[in-house]
Amino acid sequence: MASIQFLKGIGPKKAELFARLGLETLDDLLFNFPRKWEDRRLPGKKEPLPFVEDAPVLKGKIKTVRDLYTSGRLRIFKLTLETRYGEAEASFFKRHSPRFDVFAGLRKDLREGRTVWITGTPEDPLFMSRVRADEYYLDDDVRALKMHVGRLVPVYPLTEGLTARMMREAVYTAAASLAETVGEFLPPDLAARRGLAARDLAARAIHFPENNFELVQARRRFIYEELLLLALAWAIKRRQTRSVEKNFTYEIKKTLLTPFRQNLGFSLTAAQAHAINEIFADMQAPVPMARLLEGDVGSGKTVVALSAMLLAAENGGQSVFAAPTEILAEQHHFTFEKFLKGLGLRFALLTGRMKGAVRKKLLEELAEGKIDILIGTHAVIGAGVKFKNLRLVVVDEQHRFGVRQRAALRAKGDRVDMLIMTATPIPRTLFLALYGDLDLSVIKEMPPGRKPVKTTEAGEEIAFRAAADEAAKGRQVYIVYPVIEETQDADMKSVKAEFARLQALFKGRKVDMLHGRLPSELKKQVMEDFAAGRTDILVATQVIEVGIDVPNATLMVINNAERFGLASLHQLRGRVGRGRWDSRCLLVPYARTGDSAERLRAMVQTSNGFELSERDIYIRGAGEILGLRQHGDMDLKLADMSRDKEILEQAIEDREAILAADPDLQTRPNAGLRRKLHDLYAERWNLIDLS
Ligand code: ADP
Ligand code: MG
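The rules behind each value
Residues numbered from 1 in each chain as written. Chains lettered and ligands numbered in written order. Predicted model: local features only at pLDDT ≥ 70, side-chain atom pairs only at ≥ 80, totals over all residues. Heavy atoms only, no water. Helix = DSSP H or I, 4+ residues; strand = E, 2+ residues; numbered from the N terminus. Buried < 20%, exposed > 50% of the residue type's maximum accessible area, 1.4 Å probe, protein only. Contact = heavy atoms within 4.5 Å. Areas by Shrake-Rupley, 256 points an atom, 1.4 Å probe, with all protein chains shown as cover. Lys, Arg positive; Asp, Glu negative; His and termini not counted. Charge placed at Lys NZ, Arg CZ, Asp CG, Glu CD. Axes fitted to C-alpha atoms, helices over the stretch in contact; angles between N-to-C directions. Parallel < 35°, antiparallel > 145°, perpendicular 65-115°, else oblique. Left-handed = near helix turned anticlockwise from the far one by under 90°. Nonpolar A, V, L, I, M, F, W, Y, C, P; charged D, E, K, R; others polar. Pairing = 2+ DSSP bridges. Polar contact = N/O pair within 3.5 Å; in protein donor to acceptor, adjacent residues only side chain to side chain. Right-handed = clockwise from strand over helix to strand, strands pointing away. Core = buried A, V, L, I, M, F, W, Y, C linked by side-chain atoms within 4.5 Å. Salt bridge = Lys/Arg side-chain N within 4 Å of Asp/Glu carboxyl O. Domains from an automatic or database assignment. Near = heavy atom within 4 Å.

(A) Representation of the overall build of the chain within the structure. Within the chain, the secondary structure is distributed over 25 helices and 21 strands. Viewed in the frame of its principal axes, the chain has a C-alpha envelope of about 95 × 70 × 45 Å. Residues classed as buried in the chain amount to 55% of the 691 residues present. Looking at the chain alone, contacts between residues at least 24 apart form 71% of all its contacts between residues at least 6 apart. Total accessible area computed for the chain in this model is approximately 31500 Å², and 51% of it derives from carbon and sulfur atoms. Of the charged side chains in the chain, 106 are positive and 93 negative, and the gap between their average positions amounts to 2 Å.

(B) Here's a closer look at the packing of helix α11 (residues 301-314) against helix α12 (residues 326-339). Relative orientation of the contacting elements α11 and α12 amounts to 65 degrees, with a least axis distance of 12 Å. As summarised for this structure, α11 and α12 are arranged roughly perpendicular, according to the angle between their axes. Read as a crossing pair, α11 and α12 show a hand that is right-handed. Of the residues in α12, those in contact with T302, V303, L306 and M309 of α11 are H332, F336 and F339. When its residues are assigned to classes, the contact of α11 with α12 shows 5 nonpolar, 2 polar and no charged.

(C) Main features of the sheet that holds strand β3 (residues 57-69). The sheet built from 5 strands closes into a barrel, its strands ordered β3-β4-β5-β7-β6 with mixed pairing. Mean inter-strand twist for the sheet, computed between neighbouring axes without regard to direction, equals 50 degrees. Pairing of strand β5 (residues 86-95) with strand β7 (residues 130-138), which is carried by 3 bridges, proceeds in the parallel orientation. Its bridge partner being in β7, S91 is matched across the sheet by R132.

(D) Quick look at the side chain of T606. With respect to the element layout, T606 can be found in the loop between α20 (596-605) and α21 (609-620). Residue class for T606 comes out buried when judged on its relative accessible area of 7%. A distance of 2.9 Å separates a polar side-chain atom of T606 from the backbone nitrogen of N608. Ignoring any residue separated from it by four or fewer positions in sequence, one finds T606 in contact with R573, E611, L612 and R615.

(E) Region of interest: the pairing of strand β20 (residues 553-559). A large share of β20 lies buried, amounting to 7 of its 7 residues. Pairing geometry for strand β17 (residues 476-480) and β20, over 5 bridges, is parallel. Each residue of the ladder has a partner; that of V477, found in β20, is L555. Looking at chain direction, β20 and strand β21 (residues 583-588) are connected through 5 bridges and run parallel. By the bridge assignment, M556 is partnered in β21 with C585. Between the parallel elements β20 and β21, the chain passes through helix α19 (residues 566-573) in a crossover that is right-handed.

(F) Up close: the environment of A2. With respect to the element layout, A2 can be found in the segment before α1 (12-20). Residue classification places A2 among the partly exposed residues on the basis of a relative accessible area of 25%. As a C-alpha pair, A2 and T25 span 23 residues in sequence and 5.5 Å in three-dimensional space.

(G) Geometry of the nonpolar core. Among the nonpolar cores identified, the biggest contains 102 residues, and F18, L29, L228, L374, M641, Y681 and W685 are the most heavily contacted of them. Per-element tally for this core: the top contributor is helix α8 (residues 212-241), with 15 residues. Among residues more than four places away in sequence, those in contact with L374 are S319, V320, F321, A348, L350, L362, L366, V380, V385 and F387. Grouped together as the second largest cluster of nonpolar side chains are 42 residues, L257, I276, I279 and L392 included.

(H) Region of interest: the side chain of D654. Position of D654 relative to the elements: it lies in helix α24 (residues 645-661). Residue classification places D654 among the buried residues on the basis of a relative accessible area of 3%. Among the polar contacts made by the side chain of D654, one reaches the side chain of Y224 at a distance of 2.5 Å. Setting aside residues up to four positions removed in sequence, D654 forms contacts with L190, R193, R194, Y224 and L228.

(I) Region of interest: the pattern of salt bridges. Overall, the coordinates contain 48 salt bridges when judged by the stated rule. One salt bridge in this structure joins R168 and E135, with 2.9 Å as the shortest N-O distance. Of this pair, R168 sits in helix α5 (residues 164-177) while E135 sits in strand β7; the two residues are 33 residues apart in sequence, bridging distant segments of the chain. In terms of burial, R168 and E135 fall into one category: buried.

(J) Focus on the domain arrangement of the chain. When the domains of the chain are assigned, the result is domain 1 (1-35 + 164-181), domain 2 (36-155), domain 3 (193-243 + 650-691), domain 4 (257-443) and domain 5 (453-606). The straight-line distance from the C-alpha centre of domain 2 to that of domain 4 is 62 Å.

(K) Fine view of the site of ligand 1. Close to ligand 1 lie 17 residues; Q272, G298, K301, T302 and D549 are nearest. The separation between a nitrogen atom of ligand 1 and a polar main-chain atom of S267 is 2.9 Å. Side-chain polar atom of Q272 to a nitrogen atom of ligand 1: 2.9 Å apart, as the coordinates give it. Compared with its free state, where it exposes 570 Å², ligand 1 has 86% of that area covered by protein.

Following this line, the structure appears as structure tokens:
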């Protein structure tokens, strides 16, 4: 592929700078899409677009030029210009140098009588009569006017030593010579039917659109292309996972399941029973299970997962249960102790913190098949972790694990079943695009007796008074802070610092403290004391986000509420409203950060996890929520699945038609699709049947 060194003006030194951004070939340059665009057209010629930033531009004839020194080491080069809209002033600032004239270049270019374009920051945005200048271009510089000013201009990520101007020039030259892979690869009838811009034209227009229409068309073209490839990749991945058969069968013996049910102390909701039936049917089927279990916070997913693990154990198989954090893993371990009591099962906890002899012994027992259920963090994926007979993989909080991590876990057994759980409900279309290889079970119903939790914003004083009132009535209270210890950030309160203060404030009440850095034994003791009602007020970090179930707790106070994500806030709120009393959640913000006001408003307005999740996706974007960015699972440069919902729907519809007619993409019109899929996803997702 042609190296960018073939471009005029790019020698080995500059090429090095581009390489730092991962740009080595002409195609790299062309498919390094702009981060955004600036509208550098003159006022009057501008038309707004949502993804284009309005950039102020001055154009005028130079009337006077002045070179000023300030008292400091600053020099100012000041122009007055005659523009269509009246007189304007533009100033360039530079640090003085005793060795050379910092304005030599400007003085040569910017002479009286010449017409010049200037970009910069207006000091009076309304009239543009005074501007702090940034870039300038002479009106007779035909080439500059083609790419830098007087048009829509692309903006790219840069690196030290590589200016925006250099980058634009390189891309412009590359686009003019149009490198090899920009040719069309979509089936011709499809591109025509969806009215997509031709790929080579779009590749140019995405960087240097002549007008708004071209830019909109070019973006749509590439967004569609990205989403269609993703949708196809999922479908093929799905087919592949389901094309193998398990080498074992399951029998529902109930030797463990029946005593487990009797142990529970409650009966399953209809929704839980339904999910369990779907999972058992999958596990008994010849093809490995790949299922997503979706259910709001507190809907009881753990019991469903435990049932699946018990079915595996009844048939002599091992299970692994992966949680995203140490605290979650510990809490699950704690829950399992309660629910699996007396069943004679062996289960163990593995986290990254476990070292030395203890770890070694555990791994040995696991490899010998002496452990039935392994609970743990990402540590369970590690190379040293080997099973004798792994049959079932359960992943809690799906979005914290990537496709590759899932695959690595799955590879620890032979054709294992996989159950993935999430409290983030995902709209249907998004689900198809994000987890297109999974089947879906949804727990729509909450266990009986849950009460809606009244949520309001409150000041600290009001919140603490409410806490005192609840304690006086014999109820219990959670008071949550974002961090364990004080930090540099004065706006952020910590458990340790506040604990002392709260003990004094709630004199006569039993106040206790819980956070992730307490020794495990102590943590357990604190949780047991609270569960037994011996503690009135529990001051804690997010550790109590999940797992703790105390019906007598009726008030949740979340301090620094602005620091928590919506999912966490919702999880925390889910800790109350579990008994027969009315419960409340008080959000106490100490500052405003980013979109915090929107998040808190959403919390106050709805207690429905599904709705919250949709709002979260809207506020933060799907990629952020579902952890796609970190994992690099998908090749999406322009597409945003929540924003580009309609294009996504089209892509999914087209995928269905394409695969129905040509399941292996063997026909000529689909050859291009096949090649692209191979390039993008074969390695990333291990798509073996695409060659
Ligand atoms: P999540 O879906 O958020 O993981 P959990 O599995 O932690 O929810 O369940 C939340 C709480 O509800 C737990 O304390 C659990 O014991 C309890 N629970 C689960 N199922 C039922 C049920 N059918 N009836 C009553 N309580 C239940
Ligand atoms: Mg859970």
